[in-house]
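Analysis of the macromolecular model
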Amino acid sequence: MTTRKKLVAGNWKMNGGLAANAELVRGFLPAVTADVEVSVFAPFPYLAQLQGLLEGTAVAFGSQDVSAKASGAYTGEVSVSMLKEFGVRQVIVGHSERRSYHAESSETVALKAVAALEAGLVPLVCVGETLAEREAGQVESVIASQLDPVIAQCARFVQNGQWPLVIAYEPVWAIGTGVTASPEQAQEVHAMIRARLQAMLGESLAQSTRILYGGSVKPGNAQELFSKQDIDGGLIGGAALSSDDFSGIIRAAKG
Ligand code: PGA
């Protein structure tokens, strides 16, 4: 039985500033211990600042998106090699806000995950259904349609039943709404994702892949969510902007 180390990832979205970032990081660092992995995802201009702030700590950091292209005439895009120059080790790809506001398809998301893996970065690939899709009984088909291109494109990075890729299940109706999926609802989808990984890439890969839950995670609900068998930590939005809340969620991941 593989033991998966819990990961608590803070997605700052388009928030922050030089002074606020420094205060936030200083505030949550004391909660970070070796038993839980912690990372934060900042807007591109602040990655250089995070490189300094987090130097010598166990906290990883990264960006909230990345280009699938290596270089060239792609105005506004940022490549994996640029991110690596600033010490980035992880990238979020396929966040629902990028899928909806920037029309990112699951195929594009898969190519971004490939670019990250090729560069030795850890992609956190987000999947999740809308409320209308859930109410129409389409959770499994929607998740499959988001996940399958990623599995197909990234399967070649599996070595000895492992890949660095992390999946984040983020039901769109729970993001930033204060409505959290119940631990049972989340567990059900996490188990389904793991079963799909197993069917397509084998048991060892399925058991070693971390699947995070995201969507209105707070210190008060984190422990119950993280205690579920297939929930390996969280991708935290709003609560990652408060050092007290983020610290509380890190502590909740310690069990
Ligand atoms: P939330 O955001 O915690 O504010 O719901 C989660 C996310 O979008 O990653």
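In what follows, the structure referred to is the one given above.
These numbers come from a predicted model, not from an experiment.

**Thoughts on the overall build of the protein**
- Within the protein, the secondary structure is distributed over 11 helices and 8 strands.
- The globule rule puts the C-alpha radius of gyration for 255 residues at 18 Å, and the 17 Å found for the protein is close to it.
- On the principal axes, the C-alpha backbone points of the protein span a range of 45 × 45 × 35 Å.
- Classification of the 255 residues of the protein by burial places 54% in the buried group.
- Expressed as a percentage of contacts within the protein between residues at least 6 apart in sequence, the contacts between residues at least 24 apart total 73%.
- With an accessible surface of roughly 11,000 Å², the protein has 51% of that area assigned to carbon and sulfur atoms.

**Side note on the side chain of Glu-170**
- Tracing the backbone shows Glu-170 in the loop between strand S6 (166-169) and helix H8 (183-201).
- The side chain of Glu-170 is buried and forms no salt bridge, while Lys-13, the nearest opposite charge, is found at 6.3 Å.
- Polar side-chain contacts of Glu-170 include one of 3.2 Å to the side chain of His-95.
- Filtering out sequence-adjacent residues up to four positions away, Glu-170 remains in contact with His-95, Cys-126, Val-127, Gly-128, Ile-175, Gly-214, Gly-215 and Leu-235.

**Observations regarding the pattern of salt bridges**
- For the structure shown, the criterion picks out 13 salt bridges.
- Through salt bridges that share partners, Arg-4, Arg-194, Asp-230 and Asp-232 make up one connected network.

**What about the layout of surface pockets?**
- There is about 480 Å³ of room inside the largest pocket.
- Considering each element in turn, the lining of the largest pocket owes the most residues, 3 residues, to helix H4 (residues 96-101).
- Tallied by class, residues from the lining of the largest pocket come to 8 nonpolar, 7 polar and 5 charged.
- Around the second largest pocket sit 16 residues that line it, and Ser-96, Ser-100, Gly-128, Thr-130 and Val-172 are the ones nearest its centre.
- Within the residue set of the lining of the second largest pocket, elements represented by two or more residues are H4, strand S5 (122-127) and helix H7 (139-154).
- With 5 residues, H4 is the single largest residue contributor to the lining of the second largest pocket.
- Grouping the amino acids of the lining of the second largest pocket by side-chain chemistry returns 6 nonpolar, 6 polar and 4 charged.

**Some points on the site of the ligand**
- Around the ligand, 13 residues are found, and the nearest of them are Lys-13, His-95, Glu-170, Gly-176 and Ser-216.
- At 2.7 Å, a side-chain N or O of Glu-170 approaches an oxygen atom of the ligand.
- In the model, an oxygen atom of the ligand is placed 2.8 Å from a nitrogen or oxygen of the Gly-237 main chain.
- Against a free-state accessible area of 290 Å², the protein chains account for coverage of 97% of the ligand.
- In terms of residue class, the shell around the ligand is built from 4 nonpolar, 7 polar and 2 charged.

**Some words on the sheet that holds strand S4 (residues 90-93)**
- Here we have 8 strands rolled up into a closed barrel, ordered S1-S2-S3-S4-S5-S6-S7-S8, and parallel in their pairing. Averaged over neighbouring strand pairs, the angle between their axes works out to 25 degrees when direction is ignored.
- Across 2 bridges, the pairing between strand S7 (residues 211-214) and strand S8 (residues 233-236) is parallel. Looking at the pairing, Tyr-213 lines up with Gly-234 of S8.

What counts, and at which threshold
- Residues numbered from 1 in each chain as written.
- Predicted model: local features only at pLDDT ≥ 70, side-chain atom pairs only at ≥ 80, totals over all residues.
- Heavy atoms only, no water.
- Helix = DSSP H or I, 4+ residues; strand = E, 2+ residues; numbered from the N terminus.
- Rg over C-alpha atoms; globule rule 2.2 N^0.38 Å.
- Buried < 20%, exposed > 50% of the residue type's maximum accessible area, 1.4 Å probe, protein only.
- Contact = heavy atoms within 4.5 Å.
- Areas by Shrake-Rupley, 256 points an atom, 1.4 Å probe, with all protein chains shown as cover.
- Lys, Arg positive; Asp, Glu negative; His and termini not counted.
- Salt bridge = Lys/Arg side-chain N within 4 Å of Asp/Glu carboxyl O.
- Polar contact = N/O pair within 3.5 Å; in protein donor to acceptor, adjacent residues only side chain to side chain.
- 1 Å grid on protein atoms, 1.4 Å probe; cavity = no way out; pocket = protein on both sides within 12 Å on 5 of 7 lines; lining within 4 Å.
- Points joined across faces, edges and corners; volume = space filled by probe spheres on them.
- Nonpolar A, V, L, I, M, F, W, Y, C, P; charged D, E, K, R; others polar.
- Near = heavy atom within 4 Å.
- Pairing = 2+ DSSP bridges.
- Axes fitted to C-alpha atoms, helices over the stretch in contact; angles between N-to-C directions.

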